[in-house]
Amino acid sequence: MNLAKYSKAIKILAVIPVLFGLSNIADFILPTKTIKTTVVSKKESTSSRFGNTTLNIYFEDNNDQFTDQIYNNLEAGDAVLLSVSALHEETNAVTILDTNQRFENNTSEIYARLLITLVMLFPIIYILKKYSLTSKQCKIILVITLISLGGFFRLIKTLF
């Protein structure tokens, strides 16, 4: 399939992952916001393939992965304050309102977010390219754009 003939349209589509990558950068720069909520449930799952454990806590209007310290100290029904990033609402810290205990969410998720940001900004190289793209470059942009759509729709849902 010769995608090079759709080079201009694909360059326009490449704006989507770039905007998503820029929103991630903005998320690291903007001040955090605070959400008062309640713990609804907790879920622990273990990957059969890699053997790692994921600790999820579900709140009334948010959910995220947490360290074992936070997971063990929270129970369903606890009123908490979440310190979350401004755009994507990734949880940085949890404060239990009854005891005023604050726990930092020091998962390695930030490294994954940085990697995703770099990948999403990669198409900017092709957008700025003066000539038409090759078929291989078009495929790369389309794959990155498809990956970014999920995060972009989640961002839009969070903002509105």
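Residues numbered from 1 in each chain as written. Predicted model: local features only at pLDDT ≥ 70, side-chain atom pairs only at ≥ 80, totals over all residues. Heavy atoms only, no water.

Chemist: Describe the pattern of salt bridges, listing the residues and the values that go with them.
Modeler: A side chain of one charge can pair with a side chain of the opposite charge when the charged atoms of the two come close. For the structure on display, the rule yields five salt bridges. Linking Arg-113 and Asp-27 is a salt bridge whose minimum nitrogen-to-oxygen distance equals 3.1 Å. Of this pair, Arg-113 sits in helix H4 (residues 109-121) while Asp-27 sits in helix H2 (residues 15-29); the two residues are 86 residues apart in sequence, bridging distant segments of the chain. Look at Asp-27 and you get buried, because its relative accessible area is 5%. For Glu-90, the salt bridge identified is with Arg-154, shortest N-O distance 3.4 Å. Taken together, the residues Glu-90 in the loop between strand S4 (79-84) and strand S5 (91-96) and Arg-154 in helix H6 (residues 135-159) connect sequence positions 64 residues apart. For Glu-90, a relative accessible area of 11% gives the class buried. Accessibility expressed as a relative area gives 44% for Arg-154, which makes it partly exposed. (Salt bridge = Lys/Arg side-chain N within 4 Å of Asp/Glu carboxyl O. Helix = DSSP H or I, 4+ residues; strand = E, 2+ residues; numbered from the N terminus. Buried < 20%, exposed > 50% of the residue type's maximum accessible area, 1.4 Å probe, protein only.)

Chemist: Give a description of the nonpolar core that names residues and reports values.
Modeler: If you look at soluble globular proteins, the nonpolar side chains tend to sit buried side by side. Core analysis: the largest hydrophobic core is formed by 15 residues, its most contacted members being Ile-57, Phe-59, Ile-70, Leu-74, Val-80, Leu-82 and Val-94. When residues of this core are traced back to their parent elements, those giving at least two are strand S1 (33-46), strand S2 (53-59), helix H3 (68-73), S4 and S5. Excluding anything up to four places from it in sequence, Phe-59 contacts Thr-37, Thr-38, Val-39, Val-40, Phe-66, Leu-74, Val-80 and Leu-82. Counting residues in hydrophobic clusters, the runner-up holds seven residues, among them Leu-3, Tyr-126, Leu-133 and Cys-138. (Core = buried A, V, L, I, M, F, W, Y, C linked by side-chain atoms within 4.5 Å. Contact = heavy atoms within 4.5 Å.)

Chemist: How would you explain the packing of aromatic side chains if you had to name every residue and give the values?
Modeler: Summed over the entire model, instances satisfying the criterion amount to two aromatic pairs. For the pair Phe-59 and Phe-66, a centre-to-centre distance of 5.9 Å together with 80° between the ring planes defines the contact as edge-to-face. Each member of the pair, Phe-59 as well as Phe-66, carries the same accessibility label: buried. Residues Phe-122 and Tyr-126 carry aromatic rings whose centres are separated by 5.5 Å and whose planes lie at 90° to one another, so their mutual orientation is edge-to-face. (Phe/Tyr/Trp six-rings, centres within 6.5 Å; stacked < 30°, edge-to-face > 60°.)

Chemist: Would you mind going over a nonpolar patch on the surface in detail, with residue names and values included?
Modeler: A cluster of nonpolar residues, Val-15, Leu-19, Leu-22, Ile-25, Phe-28, Ile-29, Ile-110, Tyr-111 and Leu-114, forms a patch on the protein surface that exposes about 820 Å² of accessible area. Taken together, the elements giving at least two residues each to the nonpolar patch come down to H2 and H4. Take the nonpolar patch: its biggest share by element is six residues, from H2. Of note, Ile-25 is situated in helix H2. Taking relative accessible area as the criterion, Ile-25 reaches 33% and is therefore assigned partly exposed. (Patch = residues over 30% accessible without salt bridge, like charges linked within 9 Å, V, L, I, M, F, W, Y side chains within 5 Å. Areas by Shrake-Rupley, 256 points an atom, 1.4 Å probe, with all protein chains shown as cover.)

Chemist: Which residues make up the pairing of S5, and what values go with them?
Modeler: Taking burial as the measure, the six residues of S5 include five buried ones, the bulk of the element. When S4 meets S5, the two strands line up antiparallel, connected through five bridges. Across the sheet, Leu-81 pairs through a bridge with Thr-95, a residue of S5. Linking two consecutive strands that pair antiparallel, namely S4 and S5, is a turn of six residues; a positive phi of about 55° is found at Glu-89 within it. Alignment of S5 against strand S6 (residues 101-104), held across four bridges, turns out to be antiparallel. (Pairing = 2+ DSSP bridges.)

These figures capture arrangement, not role.
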